[in-house]
Amino acid sequence: MGALAVQDETFGDLLRSWRQRRRVSQLDLAIEADVSARHVSFLETGRARPSREMVMKLAEELDVPLRHRNRLLAAAGFAPVFPEREVRAPEMAVVRQALEKILAGHEPYPALVVDAAWNLVAANSAAAMFMDGVPAELLAEPINVMRLSLHPDAMGGRLLNLAEVRAYLLHQLRRQAEASADGRVAELHDELAAYTYPGVELNVAHVPGPGDILLPLRIDAGDRVLSMFTTIATFGTPMDVTVSELAIETFWPADEETAAAFGRLAPAAS
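First, a word on scope: everything that follows refers to the structure included in this document. On a predicted model such as this, the values are computed, not experimentally measured, just so you know.

Definitions and cut-offs
Residues numbered from 1 in each chain as written. Predicted model: local features only at pLDDT ≥ 70, side-chain atom pairs only at ≥ 80, totals over all residues. Heavy atoms only, no water. Core = buried A, V, L, I, M, F, W, Y, C linked by side-chain atoms within 4.5 Å. Buried < 20%, exposed > 50% of the residue type's maximum accessible area, 1.4 Å probe, protein only. Helix = DSSP H or I, 4+ residues; strand = E, 2+ residues; numbered from the N terminus. Contact = heavy atoms within 4.5 Å. Axes fitted to C-alpha atoms, helices over the stretch in contact; angles between N-to-C directions. Left-handed = near helix turned anticlockwise from the far one by under 90°. Nonpolar A, V, L, I, M, F, W, Y, C, P; charged D, E, K, R; others polar. Pairing = 2+ DSSP bridges.

**Describing the nonpolar core**
Nonpolar side chains tend to gather and get buried jointly when the protein is soluble and globular.
Logical step 1: Within the largest apolar cluster, 38 residues are counted, with the highest numbers of intra-cluster contacts made by F130, L150, L192 and I219.
Logical step 2: Secondary structure elements with two or more residues in this core: β1 (111-114), α7 (145-150), α8 (162-180), α9 (183-193), β3 (217-220), β4 (225-233), β5 (247-253) and α11 (256-269).
Logical step 3: Per element, the largest residue contribution to this core is six residues, and it comes from α8.
Logical step 4: Residues in contact with F130, not counting those within four places in the same chain, are P110, L112, M155, I219, M228 and F251.
Logical step 5: Core analysis: the next-biggest nonpolar cluster, separate from the first, contains 21 residues, F11, V40, A59 and L72 among them.

Given below as structure tokens:
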């Protein structure tokens, strides 16, 4: 799968790319934006120039990520609207406080925060289990959580249901790359898809049955098997590019044995 980054040539090119990416016709977009299909066509061909309000309206209807809304605005001749601050910036104190409370409150189970490219932003102490025994080169900044999950020298070598987890994660990365136009995610997908696992059958053998609810991560922890599932949360109504791209992944025990194991590890993780 090649890089999917949009080439920011003109506003019309970008608009057409996002409309096609969302599989929306000119007529459907026009109806949602309360303009004529002719006007949408003229905007895409450059025969009409959009107002700032029209750029924002079309981007909203197409669910364009904030980073790319700024690009649409710039291509149309307007200043970007959405700031992009570092997580450590003073203005982001309230965001950092929220993240710290969520991470600490999830102990003794692992929790971490990632950016749009799955680079680690923050983690609680319980998440250190994912980095135990991992080669130093995989822990160099920025640490990529997806790379840790599937690399054969990291969690990829400890997952007992690697084929199922790998298939799911690669599918999610492919969908994310297509939806976000983020070339970094497309490149990450290609890298992870190329990993080899000698002696491991990568064809997905398990067919979900009526008793299946979630696909767990079954991790070989030496003297025990840890079975966990994850949830992912994002900030609502973000107005900052960085905040809009943050995701909080929390890990939960999928069985009583795993819950008990984390309970015993709690003093070491606190």
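**Describing the packing of helix α4 (residues 52-61) against helix α5 (residues 66-75)**
Logical step 1: Running from N to C, α4 and α5 point in directions that differ by 145°, and their axes come no closer than 10 Å. For the element pair α4 and α5, the recorded crossing hand is right-handed. Residues R52, V55, M56, A59 and E60 of α4 form the contact with α5, whose participating residues are R69, L72 and L73.
Logical step 2: Class assignment of the residues belonging to the contact of α4 with α5 gives a composition of five nonpolar, no polar and three charged.

**A few points about α5**
Logical step 1: Listing the buried residues of α5 in full gives L66, H68, R69, N70, L72 and L73.
Logical step 2: Next to the buried residues of α5 lie α1 (11-21), α4, α8 and α10 (241-244).
Logical step 3: Positioned one or two residues after α5, G77 has a phi angle of 95°, which is positive.

**Topic: the sheet that holds β3**
The strands that make up a sheet pair up through hydrogen bonds in the backbone, lying either parallel or antiparallel.
Logical step 1: Spatial strand order, β2-β1-β5-β4-β3: five strands in an open sheet with antiparallel pairing. Two strands close off the open sheet at either side, each with one partner strand: β2 (120-123) and β3. The sheet shows a mean angle of 30° between the axes of neighbouring strands, direction not considered.
Logical step 2: As paired strands, β1 and β2 are joined by three bridges and run antiparallel to one another. Pairing of V113 across the sheet is with A122, part of β2.
Logical step 3: Helix-sheet contacts for helix α6 (residues 93-105) involve β1, β2 and β5, and the interaxial angle to β1 is about 150°.

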